[in-house]
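Given next are the chains, with one letter for each unit.
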Amino acid sequence: MTPRYEQLCYSEAYARHADARVVEVIDADGGGPLVVLDRTVFYPGGGGQPSDRGLLLRAADGRTWTVKAARKAGAEIAHELELPDGDAPPAVGDSVQVDLDWARRLSLMRTHTALHALCGVVWRDYGALVTGGNMEPGSGRMDFEFERMTGDLVGEIEGKVNEELVAGRDVRVAVLPRDEAFAIPDLIRTKINLLPPGIETVRTIEIVGLDLQADGGTHVANTSEVGRMRVTGYESKGRINKRIRIEVVDP
Ligand SMILES: [Zn+2]
């Protein structure tokens, strides 16, 4: 399904706000009304990266609404409002400014890029596949098929990842036709083959010279913006599956 409305998060990760028009207000059970805009800067969540939070500001009267989360509604991005009892959401046709909680989003971008650098090093130097991951602003975890992981090795990995981050590697976003994406051997390890058959393009994130993955998330433009990464813990989730927990440290 192709979205009808503009989704800036995928092409302009640094866009913090946009002028928009309300095109649909969906009455969702329980979670409050869902507002669809003709363009938005919100990331709807996915791939381990939580959705953005922020505000809607109505141009006509300056009224604001807190957006507590965003999510996909079909192909569109819907904004979930925090709405006290009796308050009305904006109406279809209203002009609004949509604003991200930027400190939170930037922290998620730094964290997400740090996790990809971790994946890249673990794959390049130890040949271990990533099986999953999750993040909050400033911290995250990744799971690997990494039988021989030990505490010593984790310390070594932390050092290597930080070398890559301070090297100032560019982070590039691309959207490739499906066939072209499937021809890239490195992409296979991120389980690109699990993508639904209907998908015609694959979005990729490349940390130039280190890592290339199919990915839907938002990232900083250069690894130097991450700062440094610190391993805060690691654990066994079985004989083969291991988990590494990290946090990002300001540059
Ligand atoms: Zn990712």
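Quick caveat, the model's predicted, so the values are computed rather than measured.

Here we take up the packing of aromatic side chains. In total, this model carries four aromatic pairs according to the counting rule given. Ring geometry for Y10 and Y43: centres 6.2 Å apart, planes at 75 degrees, overall edge-to-face. Here Y10 is found in the loop between strand 1 (6–7) and strand 2 (17–26), whereas its partner Y43 is found in the loop between strand 4 (39–40) and strand 5 (54–58), with 33 residues between them in sequence. Measuring from ring centre to ring centre gives 6.1 Å for Y14 and W102, while their planes differ by 50 degrees; the resulting arrangement is tilted. In this pair, Y14 is assigned in the loop between strand 1 and strand 2 and W102 in helix 1 (residues 102–126), connecting sequence segments 88 residues apart. What makes Y14 partly exposed here is its relative accessible area of 35%. Counting every residue linked through ring pairs, the aromatic cluster contains Y126, F144 and F146.

A word on the nonpolar core. Within the largest apolar cluster, 55 residues are counted, with the highest numbers of intra-cluster contacts made by L56, L118 and F146. Broken down by element, the residue count for this core peaks at eleven residues, all from helix 1. Ignoring any residue separated from it by four or fewer positions in sequence, one finds L56 in contact with V35, L37, R63, T64, W65, V67, L81, P90, V96, Q97 and V98. Residues L176, A181, L212 and A214 belong to the second largest nonpolar core, which totals six residues.

Bringing the packing of helix 1 against helix 2 (residues 151–166) into the picture now. Running from N to C, helix 1 and helix 2 point in directions that differ by 115 degrees, and their axes come no closer than 9 Å. Taken as a pair, helix 1 and helix 2 cross one another with a handedness that is right-handed. Listed contacts from helix 2 to A117, L118, V121, V122, R124, D125 and Y126 of helix 1 are L153, E156, I157, K160, V161, E164 and L165. Taken together, the residues of the contact of helix 1 with helix 2 sort by class into nine nonpolar, no polar and five charged.

Our focus in this paragraph is the sheet that holds strand 13 (residues 211–214). Strands sit in the order 11-12-13 across an open sheet of three strands; the sheet is antiparallel. Either end of the sheet is taken by a strand with one partner, and the two such strands are strand 11 (171–177) and strand 13. Along the sheet, successive strands turn relative to each other by an average axial angle of 25 degrees, direction set aside. Direction of pairing for strand 11 relative to strand 12 (residues 201–207): antiparallel, over a ladder of seven bridges. The partner of V175 across the bridge, within strand 12, is R203. Most of the contacts of helix 1 go to strand 13, to which it runs at about 115 degrees, and overall it touches strand 11, strand 12 and strand 13.

Now for the sheet that holds strand 8 (residues 95–100). Strand-to-strand pairing in sheets goes through backbone hydrogen bonds, with the strands running parallel or antiparallel. Spatially, the six strands close up into a barrel ordered 2-3-7-6-5-8, and their pairing is antiparallel. Here the average twist between neighbouring strands, direction ignored, is 50 degrees. Sheet topology places strand 2 next to strand 8; five bridges connect them, and they run antiparallel. Residue pairing for strand 8: A18 is matched across the bridge by V98.

Our next topic: the coordination of the zinc ion. In an ideal tetrahedron of four donors about a metal, each angle is 109.5 degrees. In an ideal octahedron of six donors, the angles are 90 or 180 degrees. Protein coordination at the zinc ion: the donors are H112 (NE2), H116 (NE2) and D215 (OD), at 2.0 to 2.1 Å from the metal. Read from N- to C-terminus, the donor residues coordinating the zinc ion fall into the pattern H-x3-H-x98-D. Of this pair, H112 and H116 both sit in helix 1, four residues apart, roughly one helical turn. You'll find H112 and H116 in the same group, each marked buried.

Conventions used here
Residues numbered from 1 in each chain as written. Predicted model: local features only at pLDDT ≥ 70, side-chain atom pairs only at ≥ 80, totals over all residues. Heavy atoms only, no water. Phe/Tyr/Trp six-rings, centres within 6.5 Å; stacked < 30°, edge-to-face > 60°. Helix = DSSP H or I, 4+ residues; strand = E, 2+ residues; numbered from the N terminus. Buried < 20%, exposed > 50% of the residue type's maximum accessible area, 1.4 Å probe, protein only. Core = buried A, V, L, I, M, F, W, Y, C linked by side-chain atoms within 4.5 Å. Contact = heavy atoms within 4.5 Å. Axes fitted to C-alpha atoms, helices over the stretch in contact; angles between N-to-C directions. Left-handed = near helix turned anticlockwise from the far one by under 90°. Nonpolar A, V, L, I, M, F, W, Y, C, P; charged D, E, K, R; others polar. Pairing = 2+ DSSP bridges. Donors = N, O, S within 2.8 Å, 3.2 Å for Na, K, Ca; no water.

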